[in-house]
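Chain by chain, the residues:
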Amino acid sequence: MTHQDFISRPGFVYRIGNQCYYLGKWICRECTEQDATDSHYMYELAYKEQNPADLNLYFQKLRAYSDFALVPPLDKDGVRRSQDLLLGGLTDVQSEDLSRQIEVFEECCQRFLHV
């Protein structure tokens with residue numbers, strides 16, 4: 001898994017191990033904001049319970065948190081290096097879990113972003 005996996009995706013909050021990260025085409029940063037990490041937990045719970053209203057709410061919140069976490073000016077090369085470093089250090093289990101989260105993200109994009 002490399003930055004290529006995120007080059008066409010908007011920012012979102014993903015959980016890797018016990019940490020959350022903002023990852024997307026323009027961002028790669030650790031997420032330490034409790035509201036965002038709590039929202040990620042609720043997002044996963046809403047997906048597991050198949051609660052569309054809550055899933056949409058928390059999906060939209062995580063997208064917004066990621067957008068608000070952007071820091072200008074954009075350093076595309078720095079973001080790519082950071083992503084490659086972070087993603088290159090994943091264990092197989094973490095990589096599989098992140099791939100699953102990306103699939104859920106894509107599903108939610110189709111359901112809730114109407115793109």
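Let's hear about the environment of leucine 86: which residues, and what values?
Along the polypeptide, leucine 86 turns up in helix H3 (residues 76-88). Separated by 23 residues in sequence, leucine 86 and arginine 63 have C-alpha atoms that sit 20 Å apart. Not counting the four nearest positions on each side in its chain, leucine 86 is found in contact with Ile16, Tyr21, Leu23 and Cys28.

Describe the packing of aromatic side chains, and please don't skip the residues or the numbers.
Considering all chains together, one arrives at nine aromatic pairs under this definition. With a centroid separation of 4.8 Å and 55 degrees between ring planes, the pair formed by phenylalanine 12 and phenylalanine 105 is classed as tilted. Taken together, the positions of phenylalanine 12 in strand S1 (residues 12-16) and phenylalanine 105 in helix H4 (residues 92-113) put the pair 93 residues apart, joining distant regions of the chain. On the basis of relative accessibility, which here comes to 1%, the residue phenylalanine 12 falls in the buried class. Given a relative accessible area of 1%, phenylalanine 105 falls into the buried group. An aromatic cluster is defined as three or more aromatic residues linked by ring pairs; in this entry it consists of Phe6, Phe12, Tyr14, Tyr43, Phe59, Phe105 and Phe112. In this arrangement the basic side chain of lysine 25 is found over the ring face of tryptophan 26, its NZ or CZ atom lying 4.5 Å from the centre.

Which residues make up the sheet that holds S1, and what values do they have?
Taken in spatial order, the three strands line up as S1-S2-S3 in an open sheet, and their pairing is antiparallel. Either end of the sheet is taken by a strand with one partner, and the two such strands are S1 and strand S3 (27-31). On average, adjacent strands in this sheet sit at an angle of 30 degrees to one another, irrespective of strand direction. Both S1 and strand S2 (residues 19-24) contribute to a ladder of five bridges, which runs antiparallel. Its bridge partner lying in S2, arginine 15 is registered against cysteine 20. Contacts from helix H1 (residues 34-48) reach S1, S2 and S3 within the one sheet, and its direction differs from that of S1 by about 80 degrees.

With reference to specific residues and values, describe the packing of H1 against H4.
The N-to-C vectors of H1 and H4 enclose an angle of 75 degrees; their axes lie 12 Å apart at closest approach. With respect to each other, H1 and H4 are oriented roughly perpendicular. Counted together, His40, Tyr43, Glu44 and Tyr47 of H1 and Arg100, Gln101, Val104, Phe105, Glu107 and Cys108 of H4 form the full contact between these two elements. Taken together, the residues of the contact of H1 with H4 break down into five nonpolar, two polar and three charged.

Explain the side chain of serine 66 residue by residue, including any values.
Mapped onto the elements of the fold, serine 66 is located in helix H2 (residues 52-68). If sequence neighbours within four positions are ignored, serine 66 has contacts with Gly11, Phe12, Tyr22 and Ile27.

With reference to specific residues and values, describe a nonpolar patch on the surface.
Among the surface-exposed residues, Trp26, Leu70 and Leu74 lie close enough to one another that they form a single nonpolar patch of about 280 Å² accessible area. Counting through the fold element by element, leucine 70 comes out in the loop between H2 and H3. With relative accessibility at 35%, the residue leucine 70 sits in the partly exposed group.

Parameters at a glance
Residues numbered from 1 in each chain as written. Predicted model: local features only at pLDDT ≥ 70, side-chain atom pairs only at ≥ 80, totals over all residues. Heavy atoms only, no water. Helix = DSSP H or I, 4+ residues; strand = E, 2+ residues; numbered from the N terminus. Contact = heavy atoms within 4.5 Å. Phe/Tyr/Trp six-rings, centres within 6.5 Å; stacked < 30°, edge-to-face > 60°. Buried < 20%, exposed > 50% of the residue type's maximum accessible area, 1.4 Å probe, protein only. Lys NZ or Arg CZ within 6 Å of the ring centre and 35° of its normal. Pairing = 2+ DSSP bridges. Axes fitted to C-alpha atoms, helices over the stretch in contact; angles between N-to-C directions. Parallel < 35°, antiparallel > 145°, perpendicular 65-115°, else oblique. Nonpolar A, V, L, I, M, F, W, Y, C, P; charged D, E, K, R; others polar. Patch = residues over 30% accessible without salt bridge, like charges linked within 9 Å, V, L, I, M, F, W, Y side chains within 5 Å. Areas by Shrake-Rupley, 256 points an atom, 1.4 Å probe, with all protein chains shown as cover. Salt bridge = Lys/Arg side-chain N within 4 Å of Asp/Glu carboxyl O.

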